[in-house]
Amino acid sequence: MDPDALLTIYLCVWLFVAGAALGSFLDCAVWRWARGEAMFRGRSRCAGCGETLSALELIPVVSFLISRGKCRHCGADIPAECLWAELAGGAVWACFGVKFGLSLELAQWLILGALLLAVSLTDGARRIIPDRLLLAMAANRAVWLFALGQPLWETVKGMLISCLVPAALLAFVLLAEKLMKKEAMGGGDIKLLLALALYLSWPELLLTLLGGCLLGIVGGVLGRKRGAVPFGPYLSAAAVLAACFGGPLVDWYLSLLG
């Protein structure tokens, strides 16, 4: 096998492990935040009986599967969201590993992946996308813009063009809300798109919006959820897919315009 392919596989395996651990940590932190508790104080415990969990009970993915989703102390169900957060964290970091390889640029995207996972969890828990997470996304992009030595004017120009996508969406949403007399889309989702415009080209951002809508429909149908569905997780997932695997679709779309 090609040495570069072996290195990529090795990198992605460890990125999946680290990402799954990150997902477990963020899920616990957001669970506490949603209940008004200190996010980073104290050890993890069972939500049912309050028993402190040992290290062997906190191995990402593995512990959930071995325990079959049950607390070994009281038998209470462990929320499936715990497993999904761990799998999502691992998958996101592994996808970025496939796309960017062992490079300095990978660090920028790993941080973005962590922030998108936090956005997804907070939106799922309380239908809120905190502004501080979006500001952290913007700050991360600004830092790496200079750290990676990217051409300032060309990069900023691309960002401004990408920002036209959320700007157009905002105008459409405001018009729709005026006609329907009800909320059509949360303001946090539009601000999330604006933050993503700092990372993605305008075709990738359009692909993100389309993919987020499709994933949201599928998730709503499979989950049989009624009422408002948090859009942040689906936008975040679509953004990762667009950044890592959307290149061929973007090239095909641009070829139609040319």
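One structure accompanies this document, and this report is about it.

Thresholds, definitions, all that
- Residues numbered from 1 in each chain as written.
- Predicted model: local features only at pLDDT ≥ 70, side-chain atom pairs only at ≥ 80, totals over all residues.
- Heavy atoms only, no water.
- Phe/Tyr/Trp six-rings, centres within 6.5 Å; stacked < 30°, edge-to-face > 60°.
- Helix = DSSP H or I, 4+ residues; strand = E, 2+ residues; numbered from the N terminus.
- Buried < 20%, exposed > 50% of the residue type's maximum accessible area, 1.4 Å probe, protein only.
- Lys, Arg positive; Asp, Glu negative; His and termini not counted.
- Salt bridge = Lys/Arg side-chain N within 4 Å of Asp/Glu carboxyl O.
- Polar contact = N/O pair within 3.5 Å; in protein donor to acceptor, adjacent residues only side chain to side chain.
- Contact = heavy atoms within 4.5 Å.
- Core = buried A, V, L, I, M, F, W, Y, C linked by side-chain atoms within 4.5 Å.

What follows is about the packing of aromatic side chains. One pass over the structure, following the stated rule, counts five aromatic pairs. With centroids separated by 5.6 Å and ring planes inclined at 50°, the aromatic side chains of F96 and W109 adopt a geometry described as tilted. In this pair, F96 is assigned in helix 3 (residues 80-100) and W109 in helix 4 (residues 104-126), connecting sequence segments 13 residues apart. Here F100 and W109 contribute two aromatic rings whose centre-to-centre distance is 5.0 Å and whose plane-to-plane angle is 15°, an arrangement assigned as stacked.

Mapped onto the elements, E86 comes out in helix 3. The charged side chain of E86 is buried without a salt bridge, its nearest counter-charge being R32 at 13 Å. Only 3.4 Å separates the side chain of E86 from the side chain of S24, close enough to count as a polar contact. A polar atom in the side chain of E86 sits 2.6 Å from the backbone nitrogen of V61. Leaving out residues up to four positions away in the same chain, E86 has contacts with G19, A20, G23, S24, P60 and V61.

Core analysis: the largest hydrophobic core is formed by 51 residues, its most contacted members being F96, W109, M137, L192, L196 and L200. The greatest single-element share of this core, amounting to eleven residues, is contributed by helix 4.

With the rule as written, the count across this model stands at two salt bridges. Notably, a salt bridge pairs D131 with K191, separated by 2.7 Å at the nearest N-O pair. Note that D131 is positioned in helix 5 (residues 131-147) and K191 in helix 7 (residues 187-196), a separation of 60 residues in sequence. Accessibility expressed as a relative area gives 42% for D131, which makes it partly exposed. Ionic pairing is found between E154 and K157, a salt bridge with its closest N-O pair at 3.7 Å. In this pair, E154 and K157 both sit in helix 6 (residues 152-180), three residues apart, roughly one turn of the helix. Overall, E154 belongs to the partly exposed group, its relative accessible area being 47%. Using a relative accessible area of 34% as the deciding quantity, one classes K157 as partly exposed.

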